[in-house]
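Structural characterization, general
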Amino acid sequence: MKIAVMGGAGYIGSHTIIELYKAGHSVVVVDNLVNSSDESLRRVAELVGSPIPFVKADVRDAAAMDKIFSENKFDACIHFAGLKAVGESVAKPLEYYENNMNATFVLLHAMRNHGCKNLIFSSSATVYGNPAQIPITEACPKGQCTNPYGQTKSMLEEVLRDVQKADPEWNIVLLRYFNPIGAHPSGRIGEDPNGIPNNLMPYITQTAVGLRKELGVFGNDYDTPDGTGVRDYIHVCDLASGHVSALKAIERKCGLAIYNLGTGHGYSVLDVVKAFEKVNNVKIPYSIKPRRAGDIATCYCNPQKAFDELGWKAQYGIEEMCRDAWNWQKNNPKGYKG
């Protein structure tokens, strides 16, 4: 298949491109590079042994999207493009709603106008809010999202559901990610957040490499075994392969399909710190901070549906996630900038 990859220079997108090439697909990457680097695509090209077609454009730019879709006959689109920091979304709700909603509206118009009605959408476990059940299955009702980032994902899921219902020619897969961490085993590509990291693993690795004095652990009084938040961490390469597997649903004309992408295992913040210290023989100083707005105590999934319908299952454990994350950071102390 020929795949349009929106936001493909980012953390998850860059790893997914490698998996797409391994599976024999071709891509065109579209990214505005606001929260990513074209250096990631240069390195992906090294890893796959082929140049990566790239268009620098904002998905909200209707003229640019029309041009890209008129010049390419795409079989499907994977939509990663969007702002994604939970804390920032609480501080800047208008920017998050404007960016994430409009980008998707413009993309859907371009896809429809050019007859490309196959979409894999980058959603999130945040749509479950404070989940009604643990482990979370796809049948779990969506909850009240605790932050604007999650709200954009939840609202866009409803938009996509309505689009597919109105026009059954659409095949749309909603992938609800849990917590991607780690990096490509080569150490050549990985997570490179701007500013202070919003996610746990880059905070750990930046502390380990000396860029930060200590890790801030937000809350140790949750109803969990050690009081810190429990999450379903998934290796980014497993998450990437989940997108390739999701193309199987597109090929069989799934209509609208929803899949959790996680391991089904919950690890607390301190579990991850201890695993990182053990596997890499590096000490991580940390201090307990107040709870963070929008966080919940426990969130992990039941990934059985993705296995049953797509044949997809996470292959990597927490130790590989920690090893690969450190391999990336120690070889790229300042990310793609050096």
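Everything that follows concerns the structure shown earlier in this document.
Model, not experiment: these values are computed from the prediction. The residue numbering used here restarts from 1 in each chain and proceeds along that chain's sequence as written. Local features are withheld for residues below a pLDDT of 70 in this predicted model, meaning they are given only at 70 or higher, and side-chain atom pairs are given and counted only at 80 or more; totals for whole chains, interfaces and linings count all residues. Just so you know, side-chain values use all the structure's heavy atoms and leave hydrogens and water out.

Our next topic: empty space enclosed by the protein. Throughout, the protein atoms alone are placed on a 1 Å grid, and a set of points is a cavity if a 1.4 Å probe fits but cannot get out or a pocket if it is open with protein on both sides within 12 Å along at least five of seven lines; lining residues have an atom within 4 Å of a point. Grid points are joined across faces, edges and corners, and a volume is the space filled by probe spheres set on the points. Throughout the structure, instances matching the rule amount to two cavities of 30 Å³ or more. Taken as a whole, the largest cavity encloses approximately 50 Å³ of empty space. Helix and strand assignments come from DSSP, with helices taken as H or I runs of at least 4 residues and strands as E runs of at least 2, each series counted from the N terminus. Elements supplying a minimum of two residues to the lining of the largest cavity: helix H7 (200-208) and helix H11 (318-331). Any residue outside Ala, Val, Leu, Ile, Met, Phe, Trp, Tyr, Cys, Pro, Asp, Glu, Lys and Arg is labelled polar, Gly included; the first ten of those are nonpolar and the last four are charged. Here the residues of the lining of the largest cavity sort into four nonpolar, three polar and one charged.

In space, the seven strands of this open sheet follow the order S3-S2-S1-S4-S5-S6-S11, with parallel pairing throughout. Each having just a single partner strand, strand S3 (54-56) and strand S11 (256-261) make up the two edges of the open sheet. When the angles between neighbouring strand axes are averaged without regard to direction, this sheet yields 20°. Pairing between strands is defined by DSSP: at least two bridges between the two strands are required. Note that strand S6 (residues 171-177) and S11 share six bridges and pair parallel. In the sheet register, Leu174 faces S11, and the bridge partner there is Ile258. For helices, the axis comes from a line fit to the C-alpha atoms of the stretch in contact; other axes are also lines fit to C-alpha atoms, and the angle between any two N-to-C directions lies between 0 and 180 degrees.

At a minimum axis distance of 10 Å, the contact between helix H1 (residues 11-22) and helix H2 (residues 38-48) shows a crossing angle of 25°. The orientation of H1 with respect to H2, classified from their angle, is roughly parallel. Along this stretch, H1 crosses H2, giving a crossing that reads as right-handed. Along the contact surface, H1 presents Ser14, Ile17, Ile18 and Tyr21, while H2 presents Ser40, Leu41, Val44, Leu47 and Val48. Here the angle decides the label: under 35 degrees means roughly parallel, over 145 means roughly antiparallel, 65 to 115 means roughly perpendicular, and every other value means oblique. In this scheme the handedness of a crossing depends on how the near helix is turned from the far one: anticlockwise by less than a right angle means left-handed, clockwise means right-handed. We call two residues in contact when some of their heavy atoms are within 4.5 Å.

It is worth spelling out the pairing of strand S4 (residues 76-79) at this point. Burial classification: accessible surface area is computed with a 1.4 Å probe over protein chains only, and a residue below 20% of its type maximum counts as buried, one above 50% as exposed, and the rest as partly exposed. Burial of S4 is two-sided: the residues Ala76 and Ile78 facing one way and the residues Cys77 and His79 facing the other way are all buried. In this structure, strand S1 (residues 2-6) lies alongside S4, joined through four bridges in parallel fashion. Across the sheet, Met6 pairs through a bridge with His79, a residue of S4.

Turning to the environment of Glu95, a few remarks are in order. Within the element layout of this structure, Glu95 appears in helix H5 (residues 93-113). The exposure class of Glu95 is partly exposed, given its relative accessible area of 42%. Through-space distance from the C-alpha of Glu95 to that of Ala81 is 14 Å; in sequence the pair is 14 residues apart.

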